[in-house]
Amino acid sequence: MARLIHPCRSSCLARTSLLGLISSAPLPARSHFSPFWNSSRNLFQYKRFHVKVAYQRDFQFPYHPISRAKHTSQKLICSLATSTLIKQTEESKMDARKEIFLKNYKLPDYYFDTVDLKFSLGEEKTIVSSKISVFPRDEGSSSPLVLDGQDLKLISIKVDGKELKEEDYQLDSRHLTLSSPPSGTFALEIITEIYPQKNTSLEGLYRSSGNFCTQCEAEGFRKITFYQDRPDIMAKYTCHIEADKSLYPVLLSNGNLIEQGDLEGGRHYALWEDPFKKPCYLFALVAGRLESRNDVFVTRSGRQVSLRIWTPAQDLPKTAHAMYSLKAAMKWDEDVFGLEYDLDLFNIVAVPDFNMGAMENKSLNIFNSKLVLASPETASDADYAAILGVIGHEYFHNWTGNRLAYILTKFFEFSSDMGSRTVKRIADVSKLRSYQFPQDAGPMAHPVRPHSYIKMDNFYTVTVYEKGAEVVRMYKTLLGSQGFRKGMDLYFKRHDGQAVTCEDFFAAMRDANDADFANFLLWYSQAGTPSLKVTSSYDAEAHTFSLRFSQNVPPTPGQPVKEPMFIPVAVGLLDSNGKEMPLSSVYHAGKLQSVANNNQPVYSTVLRVTKKEEEFVFSDVVERPVPSILRGYSAPIRLETDLSDNDLFFLLAHDSDEFNRWEAGQVLARKLMLSLVADFQQGKPLVLNPKFVQGLRSILCDSSLDKEFIAKAITPPGEGEIMDMMEVADPDAVHAVRTFIRKQLASEMKADLLTTVVNNRSTEDYVFNHPNMARRALKNIALAYLVSLGDPECTELALHEYRTATNMTEQFAALAAIAQNPGKTRDDVLADFYSKWQHDFLVVNKWFSLQAMSNIPGNVENVRNLLKHPAFDLRNPNKVYSLIGGFCGSPVNFHAKDGSGYKFLGELVVQLDKLNPQVASRMVSAFSRWKRYDKTRQTLAKAQLEMIMSSNGLSENVFEIASKSLAA
């Protein structure tokens, strides 16, 4: 599933997103966690916890109901209508939860073979009938069968055709329990009544924007019918859907369409059969007025696969890029990994009300509309790139997710292969630093494969995705492309159709390459971001150059002491002319090891740091080199080196590894910004180092560089990234310093920036490809710099670009540049933009985001007013992420000294929690690192967390994040 990334998680990313045109993008993709929770061939694994803990699943452990204080008059939730449930939930309070441990995982007592579902969709209620073939794990066992259920009205229950009486089962607010089921295989039939029209949580089956839709991950299926809602229960499904034909002419589910026809009373039906076993969280149903863009993909074996992308009729023209992306992904998967799609039909449905970015339900992917719909007039380059990346990501789940490991899907380099690898790598690392690093340093820190959890919300999955993908990437760094492919081939050969774990993937990579990975598996079990300190020395007489590594893995909640990690460090050496020095051998651990390839010198090698202290000595080094360390960001760590500023400027100018060239500039910028923050706090005047300006100017004017890389390289680190490096974060000082730097750079490079804007204009039709994206990215960042000066000439330039733009990328970039400066011009252009695009909900969301993320002083009142705007709807996740999440992406306003930002968010979290707990939990995560700030801000933020915790009927999702944040 693709997770949507929201500005509230990182002010650094928010500012970058602003200059990148506020993509509706999730951070490409989504895949679930570590390889390994995995399921191979016919889909998932029985011991699925190894992969899937990150979603709010409690299936992995013995069934112990999570305790709640019971209201004395409370009735059984399962027997009541939703409207009554909401009221009762509001009256209850959340008690502390018992931590659940991986070591206590138990296999289920019963498995399901087949599941036949029948839905009778109605305008007020929906009747769901299920017939399940149940068999015990141990023949002859008569253990209780415990089924999960939430917000359900039980109509009837039968075992082998015999209706049970009330004394034959127990029903409470979370479970339906059969105390003494038959000892062998039996048929279980259950009829429930549900109310999709009232389901604002957007989990389970819900009706929104006139259509029925499902979202069953993580625990949504229990809102449809009583079931063992855990990923290690896999079965074959059939789905019979009945509905009013005029209202819901399209009826979709997983697998193959077996039969369809008309019924009495203007109703019709469709019967779908999925030939593959799957866990219930991959079940999908969609019903509504939809039309499809149709195409065909011919596999490498010659089979024809029908492709359909379903949307409301008016949006169909915007699906061309999505179809291109799907076919490109299918071909890439065949070419790179030899994986062919295994069914004859692939459906994608775009829905406007969806908590996630997308969901990989087998053969029926459901997508947030923002990740399907695009046209040059309404979507930015960032949107186009996100659609390409996420559609590819979800498609890859057919094997690496639906049939194999999740994190592999996140790692696949499809998006990189379609554009600039360096730029994609920079974006990936920026996400890690924006999301993983802060989380690893706070109360929500957890390893890729957590040891325990209370209630895992999707909050965790963003960092698990990114960090888990980095772990898989390290295998490729160590083994090379060919070695990694060998390991993948062996992995598929061994485990397709089996339950797999992290250890299985590790073994496949090791065995296929006869490799020694020492303590590599610690990456899955230890939380926190390792730090590596590197010092160097040159012996002119011996012609040797040494690198000494000192490793530290900081303590995290529940893990006070850590073992050293296996860290692959890619290294190169540059001579005084900036040329790569040949590497032939390295002395390490008492052995001289050759690093040559077929007796030919190499210019970059991977050092394997596995201990707390290690030294590597390069021989035949004829002059003191400047080392390029951690090339391509070869491991997800914090790096500290003894490189001087002169060394960093040298790398910025000469390093052949473009990622490290960018990184050298970022390190310089971070050091500069921290120094200026100290000056600002002490009341000293701010002065920009001329060498820093010259370094960025040399990059801006270097025509040999990729233009998108230039745009990244001249963008200073975000405010969140700098605050993360401070002992006590100071949003006001950091914002003042970053504003000063941008204006000073704009002033000193004004002529070059003006030339950049002019030289990168184009009157040609919009084309989504790397050269054009890069050109627009460079032009837009240059324009943003210029308008920050606030002078009439630059403002008029931006107005000209806004008025003459022929695509959303350039029009919105001009709008964003103008919106930096308060005043009548800003207000007029914002009003004009809304007037033009008020009928396109995705563009309006960009408009909300732009205003919400503004650093204009006191912006909280503007955002409060936008909550009342007719285009805003608190029930729509995308609008919440745009406006409320966007506001949290402005550190200077969210962390306002008077607490107004905290108060605003606290009030909204309580409101949201009654409507959509998943969305509310993502918003409350903005409070998770409140102790990073000064005492005044700590007091104000803590008060809001305590207020949230005291709210009646607080959801488990919000409870966990708020309680962990307070306890940190």
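Up top is the structure.
What this report covers is the structure whose coordinates are included nearby. What you see is a predicted model, and the numbers here were worked out from it, not measured in a lab.

Our next topic: the overall build of the chain. The helix and strand tally for the chain stands at 30 helices and 36 strands. Taking all 968 residues of the chain together, 63% fall into the buried category. A sequence separation of at least 24 residues applies to 73% of the contacts in the chain between residues at least 6 apart. Approximately 34,300 Å² of the chain is accessible, and the part contributed by carbon and sulfur atoms is 50%.

Attention now moves to the pattern of salt bridges. Tallying each qualifying case throughout the model produces 61 salt bridges. Note that Asp428 and Arg473 form a salt bridge whose closest N and O atoms lie 3.8 Å from each other. With Asp428 in helix α8 (residues 421-440) and Arg473 in helix α9 (residues 459-495), this pair connects stretches of sequence that are 45 residues apart. Here Asp428 and Arg473 have matching classes, each one buried. The network of salt bridges with common partners includes Lys424, Arg425, Asp428, Lys431, Glu470 and Arg473.

We now examine the sheet that holds strand β16 (residues 250-253). The strand order β13-β14-β20-β16 describes an open sheet built from 4 strands, whose pairing is antiparallel. Each of the sheet's edge strands pairs with one partner strand only, and the pair in question is β13 (204-208) and β16. Averaged over neighbouring strand pairs, the angle between their axes works out to 15° when direction is ignored. In this structure, strand β14 (residues 211-215) lies alongside strand β20 (residues 285-288), joined through 2 bridges in antiparallel fashion. For Phe212, the partnering residue across the bridge sits in β20 and is Ala287.

A few words now on the sheet that holds strand β30 (residues 567-574). The antiparallel open sheet is built from 3 strands, whose spatial order is β33-β30-β35. Either end of the sheet is taken by a strand with one partner, and the two such strands are β33 (605-609) and β35 (626-629). Along the sheet, successive strands turn relative to each other by an average axial angle of 35°, direction set aside. Here 5 bridges tie β30 to β33, and the two strands are oriented antiparallel to one another. Paired with Ala570 across the two strands is Val606, which belongs to β33. In the packing of helix α12 (residues 645-654) onto the sheet, contacts are made with β30 and β35, and the angle to β35 comes to roughly 70°.

Attention now moves to helix α25 (residues 877-888). Over its 12 residues, α25 runs 15 Å from end to end, which matches the ideal 16 Å to within 8%, given 1.5 Å per residue. Among the 12 residues in α25, 12 count as buried, and that is most of the element. For α25, the complete set of buried residues consists of Pro877, Asn878, Lys879, Val880, Tyr881, Ser882, Leu883, Ile884, Gly885, Gly886, Phe887 and Cys888. Looking at the packing, one finds that the buried side of α25 touches β25 (364-368), α23 (841-852), α24 (859-866), α26 (891-894), α27 (900-915) and α28 (917-924).

Note on aromatic pairs: each is described by the distance of the centres and the angle between the planes. Inspection of the entire model under this criterion finds 39 aromatic pairs. Here Tyr384 and Tyr766 contribute two aromatic rings whose centre-to-centre distance is 5.2 Å and whose plane-to-plane angle is 45°, an arrangement assigned as tilted. Here Tyr766 lies in the loop between α18 (750-759) and α19 (770-787) and Tyr384 lies in helix α5 (residues 381-396), a separation of 382 residues in the sequence. No difference in accessibility class separates Tyr384 from Tyr766, as the two residues are buried. Three or more aromatic residues link up through ring pairs in this structure, and these residues are Tyr475, Tyr491, Phe492, Phe505, Phe506, Phe517, Phe520 and Phe566. The residue whose ring lies beneath Lys198 is Tyr195, and the NZ or CZ to ring-centre distance is 5.8 Å.

About the thresholds
- Residues numbered from 1 in each chain as written.
- Predicted model: local features only at pLDDT ≥ 70, side-chain atom pairs only at ≥ 80, totals over all residues.
- Heavy atoms only, no water.
- Helix = DSSP H or I, 4+ residues; strand = E, 2+ residues; numbered from the N terminus.
- Buried < 20%, exposed > 50% of the residue type's maximum accessible area, 1.4 Å probe, protein only.
- Contact = heavy atoms within 4.5 Å.
- Areas by Shrake-Rupley, 256 points an atom, 1.4 Å probe, with all protein chains shown as cover.
- Salt bridge = Lys/Arg side-chain N within 4 Å of Asp/Glu carboxyl O.
- Pairing = 2+ DSSP bridges.
- Axes fitted to C-alpha atoms, helices over the stretch in contact; angles between N-to-C directions.
- Expected span 1.5 Å × (residues − 1).
- Phe/Tyr/Trp six-rings, centres within 6.5 Å; stacked < 30°, edge-to-face > 60°.
- Lys NZ or Arg CZ within 6 Å of the ring centre and 35° of its normal.

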